[in-house]
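Given next are the chains, with one letter for each unit.
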Amino acid sequence: METDKQHINLHLDAHTVGLDVPREAEQNYREAAVLLNKRYQYYLKLRPNASAEQLWMYTALEVAVALESDAREKSLEPVEKALKNLNEEILNVLES
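The structure contained in this document is the topic of the report that follows.

Scoring rules and cut-offs
- Residues numbered from 1 in each chain as written.
- Predicted model: local features only at pLDDT ≥ 70, side-chain atom pairs only at ≥ 80, totals over all residues.
- Heavy atoms only, no water.
- Salt bridge = Lys/Arg side-chain N within 4 Å of Asp/Glu carboxyl O.
- Helix = DSSP H or I, 4+ residues; strand = E, 2+ residues; numbered from the N terminus.
- Buried < 20%, exposed > 50% of the residue type's maximum accessible area, 1.4 Å probe, protein only.
- Core = buried A, V, L, I, M, F, W, Y, C linked by side-chain atoms within 4.5 Å.
- Polar contact = N/O pair within 3.5 Å; in protein donor to acceptor, adjacent residues only side chain to side chain.
- Contact = heavy atoms within 4.5 Å.

A look at the pattern of salt bridges
And then number 1: Counted according to the given criterion, the structure contains three salt bridges.
And then number 2: Among the ionic pairs, Glu26 bridges to Arg30, the shortest N-O distance being 2.8 Å. One end of the pair is Glu26 and the other is Arg30, both in helix α1 (residues 26–46) and four residues apart, which spans about a single turn.
And then number 3: For Arg30, a relative accessible area of 30% corresponds to the partly exposed category.
And then number 4: Measuring nitrogen to oxygen at the nearest pair gives 2.6 Å for the salt bridge that ties Glu62 to Arg39.

Now the structure itself:
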């Protein structure tokens, strides 16, 4: 089954990017564009003499690191939950 898509235009700094995206993901794309623009402006203020290419590399690297960190945390959630349950069981045994 094909996903219902729509065409959107996102503005990233001085560029306009046209994309066909699933309707249910439109807001995610728009929010991502806002995030990228904010981070780009941050690096522009931090490094006013950097080229646009360098600024986009800093921006991309920051977002990629955040994505990797989030993925790593999520992959540890089941382990942390299991350890918490195990600790509770151990405490219950020790207390009885």
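Now that the structure is up, let's keep going.
Focus: the nonpolar core
And then number 1: Within the largest apolar cluster, five residues are counted, these being Ile8, Leu10, Leu12, Val21 and Ala33.
And then number 2: Among the elements that take part in this core, strand β1 (residues 5–12) stands out by supplying three residues, more than any other.

Things to note about the side chain of Thr59
And then number 1: Along the chain, the position of Thr59 falls in helix α2 (residues 52–95).
And then number 2: Judged by its relative accessible area of 0%, Thr59 is buried.
And then number 3: Polar contacts involving the side chain of Thr59 include one to the main-chain carbonyl oxygen of Leu55, which spans 2.9 Å.
And then number 4: Contact partners of Thr59, with chain neighbours within four places excluded, come to Leu36, Arg39, Tyr40 and Tyr43.

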